[in-house]
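Working through the structure, step by step
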Amino acid sequence: QVQLVESGGGLVQPGESLKLACSVSENIFNFNAVGWSRLAPGEREVIASINVGGKTDYADSVKGRFTISRDNAKNTVYLQMNSLNPEDTATYYCYVRILRRYTWGQGTQVTVSS
């Protein structure tokens, strides 16, 4: 069973940046895609993904502010988050996907507040 461990969450002020990391216990090329989602009260949103070919995709809510990347040698996926605002406050989860099967990490909390 693949394991995912997120890190990098915390409390930041509006306008600041944060970088999340997700360490994957298997070769990330074993999966069709890896990505990030977030869970705010009542809503889960997939916000960024990168497929095995390197194609990235973003939700409109984060496009232009967030960047997903991966370090293949470290089997780690990153989420660089810039220009954070209070609406970005949520628990952030990384995932890996094979076809329609998702495996999730345990989540890391991001709070944006002045």
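Shown above is the structure to which this text applies.
Presented here is a report on the structure given in the accompanying data block. (Residues numbered from 1 in each chain as written. Predicted model: local features only at pLDDT ≥ 70, side-chain atom pairs only at ≥ 80, totals over all residues. Heavy atoms only, no water.)

This part covers the side chain of Thr103. Secondary-structure assignment places Thr103 in strand S10 (residues 101-104). When neighbours within four sequence positions are excluded, Thr103 is seen to be in contact with Gln1, Val2, Leu4, Cys94, Tyr95 and Val96. (Helix = DSSP H or I, 4+ residues; strand = E, 2+ residues; numbered from the N terminus. Contact = heavy atoms within 4.5 Å.)

Following the sequence through the fold, Ser7 ends up in strand S1 (residues 4-7). With 35 residues separating them in the primary sequence, Ser7 and Gly42 have C-alpha atoms 23 Å apart.

Here we take up a nonpolar patch on the surface. Taken together, the side chains of Val46, Tyr102 and Trp104 define a hydrophobic patch exposed on the protein surface, amounting to about 270 Å² of accessible area. Tracing the chain through its elements places Val46 in strand S5 (residues 43-51). Note on Val46: relative accessible area 42%, which makes it partly exposed. (Patch = residues over 30% accessible without salt bridge, like charges linked within 9 Å, V, L, I, M, F, W, Y side chains within 5 Å. Areas by Shrake-Rupley, 256 points an atom, 1.4 Å probe, with all protein chains shown as cover. Salt bridge = Lys/Arg side-chain N within 4 Å of Asp/Glu carboxyl O. Buried < 20%, exposed > 50% of the residue type's maximum accessible area, 1.4 Å probe, protein only.)

This next bit is on the nonpolar core. Trp36, Ile47, Leu79, Met81 and Tyr92 are the most contacted members of the largest nonpolar core, which has 29 residues in total. At the level of elements, strand S3 (18-24), strand S4 (33-40), S5, strand S7 (66-71), strand S8 (76-81), strand S9 (90-98) and strand S11 (108-112) are the ones that each hand at least two residues to this core. (Core = buried A, V, L, I, M, F, W, Y, C linked by side-chain atoms within 4.5 Å.)

Throughout the structure, instances matching the rule amount to three aromatic pairs. Taken together, a centroid distance of 5.2 Å and an interplanar angle of 55° make the contact between Tyr95 and Tyr102 tilted. Between Tyr95 and Trp104 the ring centres are 5.3 Å apart and the planes differ by 55°, which places this aromatic pair in the tilted class. Taking relative accessible area as the criterion, Tyr95 reaches 5% and is therefore assigned buried. Classification of Trp104 by relative accessible area gives partly exposed; the value is 33%. Directly above the aromatic system of Tyr78 lies the positively charged group of Lys19, at a separation of 4.7 Å from the ring centroid. Sitting over the face of the ring of Trp104, Arg44 holds its NZ or CZ atom 4.6 Å from the ring centroid. (Phe/Tyr/Trp six-rings, centres within 6.5 Å; stacked < 30°, edge-to-face > 60°. Lys NZ or Arg CZ within 6 Å of the ring centre and 35° of its normal.)

A separate point is the pattern of salt bridges. Following the criterion strictly, the structure yields four salt bridges and no others. Between Glu45 and Arg38 there is a salt bridge, and its shortest N-O distance comes to 3.1 Å. Both residues of the pair, Glu45 and Arg38, belong to the buried class. As a salt-bridge pair, Arg65 and Asp88 come within 2.8 Å of each other at their nearest N and O atoms. With Arg65 in the loop between strand S6 (56-58) and S7 and Asp88 in the loop between S8 and S9, this pair connects stretches of sequence that are 23 residues apart. The two residues Arg65 and Asp88 agree in class, both being buried. Via salt bridges that share partners, Arg38, Glu45, Arg65 and Asp88 belong to a single interconnected network.

Treat this as a map of the structure, not an account of what it does.
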